[in-house]
Amino acid sequence: MPRTLVTGGAGFLGSHLCEYLLQKGHEVICMDNLITGRVGNIAHIRNKSFTFINYNVTNYVYVDGPLDYVFHFASPASPIDYQEYPIQTLKVGSLGTHKTLGLAMEKGSRYLLASTSEVYGDPLVHPQTEDYWGNVNPIGIRGVYDEAKRFAEAMVMAYHRYHKLDTRIVRIFNTFGPRMRLYDGRAVPTLMRQALKGEDLTVFGQGSQTRSFCYVDDLIEGIYRLMMSDYSNPVNLGNTEELSILELAHLIVKLTDCKTKIIHQPLPDDDPKVRKPDISRAKAVLSWQPKVRVAEGMQKTLEWVKRII
Ligand code: NAD
């Protein structure tokens, strides 16, 4: 039975990944300090192959026994979170990546970094291909997250080239689904919460900025395929259905049949104007592409949001 560590395993994506790995027959160690995650995301997992360790991975990381795979997912990920925890975000992307790479070296594990489309910043190339180097403001409010992930990618490639560690890098584009937090500021849960509570829907700027939203189940399958592949360069994973934020708000109004209005607020600094993955590489290397249409994923997420509200 493969033994696998998931850092950030009590978060939105990490908890789905833990469940997926358990289904695939892995023994899973979930390590998380709960800074933005919740025990509630994993409390329902009843499996003797699952262990939770409450730990901050910016410190020296040790795990007893053999370890076949390390998935490094720990990091605050929404703009509200990483602006509330700027230093912790920089530390988990830098020190946390270093410590978990060290663990993978010691155990001879294969290592996967959860990177992000934010390494492309406010992109000058559209859609974004993996060979685009990005347009990031290092000292802007988003810099703590974007630069931490860029550093993390550099660190992973250094371990790959210098220590010959078997590594993977996934650049995740906006992903949504059950277990997102309703107050973490990300567009999908925020707009759904507002619509269901009868509040006005807030859209930043004119809402013409675009995002491409991938349903969580598709993403997790792609991540697993990448880990099991033999491909070490970064791979974009995301949905290519691009929506403006205003279109997203209208879709949520339609799905919820809400009667409230859409109001506009000032655009935050350095907000990317466009975001859409080129997934040719994922198609070629992993035979992967999303299966869940955006509207279908939104419907599933909405049912979950309704339940928790
Ligand atoms: P999340 O906040 O729900 O999950 C992150 C988890 O990491 C949380 O449980 C948090 O408590 C934990 N964590 C943070 N710092 C830690 C530390 N020092 N030690 C131990 N645990 C720590 O966010 P998410 O959306 O699930 O994101 C997971 C990963 O995927 C992140 O690395 C993020 O950068 C990446 N990502 C997510 C998206 C997305 O759309 N959700 C997009 C791009 C990249």
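The model shown is predicted, which means the values in this text are computed figures rather than measured ones. (Residues numbered from 1 in each chain as written. Predicted model: local features only at pLDDT ≥ 70, side-chain atom pairs only at ≥ 80, totals over all residues. Heavy atoms only, no water.)

### Some remarks on the overall build of the protein
Inference 1: When helices and strands are counted, the protein shows nine helices and 13 strands.
Inference 2: For the protein, whose C-alpha radius of gyration is 19 Å, the value lies close to the compact-globule estimate of 19 Å for 309 residues.
Inference 3: In terms of its C-alpha atoms, the protein occupies a principal-axis envelope of roughly 55 × 45 × 40 Å.
Inference 4: Within the protein, buried positions represent 56% of all 309 residues.
Inference 5: Across the protein, contacts joining residues at least 24 apart in sequence account for 80% of those joining residues at least 6 apart.
Inference 6: When the accessible area of the protein is evaluated, it comes to approximately 13300 Å², of which 52% is carbon and sulfur surface. (Helix = DSSP H or I, 4+ residues; strand = E, 2+ residues; numbered from the N terminus. Rg over C-alpha atoms; globule rule 2.2 N^0.38 Å. Buried < 20%, exposed > 50% of the residue type's maximum accessible area, 1.4 Å probe, protein only. Contact = heavy atoms within 4.5 Å. Areas by Shrake-Rupley, 256 points an atom, 1.4 Å probe, with all protein chains shown as cover.)

### Some thoughts on the packing of aromatic side chains
Inference 1: Tallying each qualifying case throughout the model produces seven aromatic pairs.
Inference 2: Between F176 and F213 the ring centres are 6.3 Å apart and the planes differ by 85°, which places this aromatic pair in the edge-to-face class. Pair noted here: F176 is in strand β7 (residues 175-176) and F213 is in the loop between β9 (210-212) and β10 (214-215), with a separation of 37 residues, a long-range link. Of the two residues examined, F176 and F213, each falls in the buried class.
Inference 3: Among the aromatic residues, those joined into a ring-pair cluster are Y120, Y132 and F173. (Phe/Tyr/Trp six-rings, centres within 6.5 Å; stacked < 30°, edge-to-face > 60°.)

### Let's talk about the site of the ligand
Inference 1: Around the ligand, the structure places 30 residues, and the nearest of them are D32, T36, N56, Y145 and K149.
Inference 2: L13 has a polar backbone atom sitting 2.8 Å from an oxygen atom of the ligand.
Inference 3: Y145 is positioned such that a nitrogen or oxygen atom in its side chain is 2.5 Å from an oxygen atom of the ligand.
Inference 4: Relative to its unbound accessible area of 820 Å², the ligand is 97% covered by the protein chains. (Near = heavy atom within 4 Å. Polar contact = N/O pair within 3.5 Å; in protein donor to acceptor, adjacent residues only side chain to side chain.)

### A short note on the sheet that holds strand β3 (residues 50-54)
Inference 1: The strand order across the open sheet formed by seven strands is β3-β2-β1-β4-β5-β6-β11, and the pairing between neighbours is parallel. Looking at which strands have only one partner, the edges of the open sheet turn out to be β3 and β11 (235-237). Averaged over all pairs of adjacent strands, the angle between their axes in this sheet comes to 20°, without regard to strand direction.
Inference 2: Relative to strand β6 (residues 167-172), strand β5 (residues 110-116) runs parallel, the two sharing six bridges. By the bridge assignment, Y111 is partnered in β6 with T167. (Pairing = 2+ DSSP bridges. Axes fitted to C-alpha atoms, helices over the stretch in contact; angles between N-to-C directions.)

### A short note on the domain arrangement of the protein
Inference 1: As far as domains go, the protein holds domain 1 (3-177 + 214-240 + 276-292) and domain 2 (187-208 + 242-274 + 300-308).
Inference 2: One C-alpha centre belongs to domain 1, the other to domain 2; they are set 26 Å apart.
Inference 3: Taken together, the contacts link 15 residues of domain 1 with 10 residues of domain 2.
Inference 4: Put simply, domain 1 and domain 2 have two salt bridges between them.
Inference 5: The salt bridge partner of R142 is D271, with a shortest N-O separation of 3.4 Å.
Inference 6: Where domain 1 touches domain 2, the interface holds five residue pairs in polar contact (both at pLDDT 80 or more). (Domains from an automatic or database assignment. Salt bridge = Lys/Arg side-chain N within 4 Å of Asp/Glu carboxyl O.)

### What about helix α4 (residues 143-162)?
Inference 1: With 20 residues, α4 should cover 28 Å at 1.5 Å per step; its first-to-last C-alpha distance of 27 Å lies within 8% of that length.
Inference 2: Along α4, the residues classified as buried are G143, V144, Y145, D146, A148, K149, A152, E153, M155, V156, M157 and Y159.
Inference 3: Of the residues one or two after α4, K164 is the one with positive phi, at around 60°. (Expected span 1.5 Å × (residues − 1).)

### Concerning the nonpolar core
Note that soluble globular proteins tend to have their nonpolar side chains buried in a common cluster.
Inference 1: Core analysis: the biggest nonpolar cluster contains 61 residues, and F71, F73, I223, L237, L248 and M298 have the highest contact counts within it.
Inference 2: A domain-level breakdown of this core finds at least three residues from each of domain 1 (3-177 + 214-240 + 276-292) and domain 2 (187-208 + 242-274 + 300-308).
Inference 3: If we ignore the near neighbours within four places in the chain, the residues touching L237 are V170, R171, I172, F173, L219, G222, I223, A282, L286 and W288.
Inference 4: Judged by nonpolar contacts, the second largest core, of 22 residues, contains V61, V92, L103 and A104. (Core = buried A, V, L, I, M, F, W, Y, C linked by side-chain atoms within 4.5 Å.)

### A closer look at the state of the cysteines
Inference 1: Going through the model one piece at a time under the given rule, you end up with zero disulfides.
Inference 2: C214 takes part in no disulfide bond, and the closest cysteine sulfur, belonging to C18, lies 18 Å away. (Disulfide = S-S within 2.5 Å.)

### Considerations on the side chain of S15
Inference 1: Following the sequence through the fold, S15 ends up in helix α1 (residues 12-23).
Inference 2: The buried category is assigned to S15, whose relative accessible area is 0%.
Inference 3: A polar side-chain atom of S15 sits 2.7 Å from the main-chain carbonyl oxygen of G11.
Inference 4: Within the local environment of S15, its side chain forms a polar contact with the side chain of R179, the two groups lying 3.0 Å apart.

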